[in-house]
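# Summary of the model geometry
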Amino acid sequence: IASDNTQLKQENVELYAKIKYLENYNSVKKSHKELQQQQQQQQQQQKQRRSAVPSGSGVKHSDITLMKYENLYEEQMNPFAQFKRRETENRINSLEWTEWIAYIVG
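This one's a predicted model, so the numbers in the text were calculated from it and none came from an experiment.

## So, the overall build of the chain
Along its length, the chain carries five helices and zero strands. The buried share among the 106 residues of the chain stands at 9%. Working note: accessible area of the chain is about 9,200 Å², and carbon and sulfur atoms make up 54% of it.

Rendered as structure tokens:
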């Protein structure tokens, strides 16, 4: 179940990335001024989404889900987080087999 959950999460993040790509692709067709206005609106919307949302505030479930996958997408696109993940994987892969077992168990 955990692997299915992880796989579904990854698929949802990939779908969110595709949505962002399509939004950006469509915005390329607009004039520069319209694009700037749209970016400002998106930034304002992101700031509003990232603010704390109480559970009974009337926010739609789809908005909460969108915020969740937006944060996961942003985390994946963060070069520092990517570097940290690669370094962790490299360190784990370079462990002796006894150390690896101790790492997995502990």
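## Re the environment of Glu 14
Of note, Glu 14 is situated in helix H1 (residues 2–28). Taking the C-alpha atoms as reference points, Glu 14 and Tyr 73, 59 residues apart in sequence, are found 8.0 Å from one another.

## Some words on the confidence of the model for the chain
Taken over all residues, the pLDDT of the chain has a mean of 76, while the share at 70 or more is 75%. Averaged pLDDT values for the elements of the chain fall to 70 in helix H2 (residues 32–50) and rise to 89 in helix H5 (residues 97–105).

About the cut-offs
Residues numbered from 1 in each chain as written. Predicted model: local features only at pLDDT ≥ 70, side-chain atom pairs only at ≥ 80, totals over all residues. Heavy atoms only, no water. Helix = DSSP H or I, 4+ residues; strand = E, 2+ residues; numbered from the N terminus. Buried < 20%, exposed > 50% of the residue type's maximum accessible area, 1.4 Å probe, protein only. Areas by Shrake-Rupley, 256 points an atom, 1.4 Å probe, with all protein chains shown as cover. pLDDT = per-residue confidence, 0-100.

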